[in-house]
Amino acid sequence: MEIRDAHFPGRAPIDAYGNGGFRFANMSHKGALLCVPSGIYGWHVDDPSQFSEEAFERVFQEQSDIEVLLVGTGVDLRPLPSDLKTLFREASILSDPMSTGAAIRTFNVLLSEDRAVAAALLPVD
């Protein structure tokens, strides 16, 4: 049996969240998500303390197609590290941390407007 990293090859709104996971495109995923132009990926980050350049590598790989990055930090707003904010700014990406619920609502609106949006979402229970 082959176990692969979770990946949905496309853009889709997030239909629901909670219980440590998300629902989108008639599927569900337990754990964090990274939603970028190339698709929706399982994200191996459990806590805002793990936010680093490496954690956002896929965002930087697709930076030419991303104007806004919404970072859902869980139940509460947690600021991004200043060095990471600088890297996003240098990549011409507006990074906006907020609670996961707010990030999902904003992501869905911007996605419906066909905006160049990405989201990094930590799950909530």
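Residues numbered from 1 in each chain as written. Predicted model: local features only at pLDDT ≥ 70, side-chain atom pairs only at ≥ 80, totals over all residues. Heavy atoms only, no water.

**A word on the packing of aromatic side chains**
For the record, the criterion: Only Phe, Tyr and Trp rings are paired, with Trp represented by its six-membered ring, and only when their centres lie within 6.5 Å; those with planes under 30 degrees apart are stacked, over 60 edge-to-face, the remainder tilted. A run of H or I in DSSP counts as a helix once it spans at least four residues, and a run of E counts as a strand once it spans at least two, with each numbered from the N terminus. For every residue, the accessible area obtained with a 1.4 Å probe (protein chains only) is divided by the maximum for its type, and the residue is called buried under 20%, exposed over 50%, and partly exposed between those limits.
Inspection of the entire model under this criterion finds 6 aromatic pairs. Measuring from ring centre to ring centre gives 5.1 Å for Phe60 and Phe88, while their planes differ by 15°; the resulting arrangement is stacked. One end of the pair, Phe60, is in helix H1 (residues 57–61); the other, Phe88, is in helix H2 (residues 82–90), and 28 residues separate them in sequence. Given a relative accessible area of 17%, Phe60 falls into the buried group. Three or more aromatic residues link up through ring pairs in this structure, and these residues are Trp43, Phe51, Phe56, Phe60 and Phe88.

**Thoughts on the nonpolar core**
Note the following rule: By convention a nonpolar core is built from buried Ala, Val, Leu, Ile, Met, Phe, Trp, Tyr and Cys residues, the set being connected through side-chain atoms within 4.5 Å. The criterion used for residue contact is that any of the two residues' heavy atoms lie within 4.5 Å.
One finds Trp43, Phe51, Phe56, Val59, Leu69 and Phe88 to be the most contacted residues of the largest nonpolar core, which totals 22 residues. Elements represented by at least two residues in this core include exactly strand S5 (32–36), strand S6 (39–43), H1, strand S7 (68–72), H2 and strand S9 (117–121). The leading source of residues in this core is S5, at 3 residues. Those residues in contact with Leu69 that lie beyond four places of it in its chain are Phe56, Val59, Phe88, Ile93, Leu94, Ser95, Asp96, Ala118, Ala119 and Ala120. Ile40, Leu70, Met98 and Ile104 belong to the second-largest nonpolar core, a separate cluster that totals 18 residues.

**Some remarks on the environment of Gln50**
Structurally, the position occupied by Gln50 is in the loop between S6 and H1. For Gln50, a relative accessible area of 35% gives the class partly exposed. Placed 33 residues apart in sequence, Gln50 and Tyr17 show a C-alpha to C-alpha distance of 21 Å. The residues contacting Gln50, other than those within four sequence positions of it, are Val45 and Ala55.

Coordinates in, geometry out; function isn't part of it.
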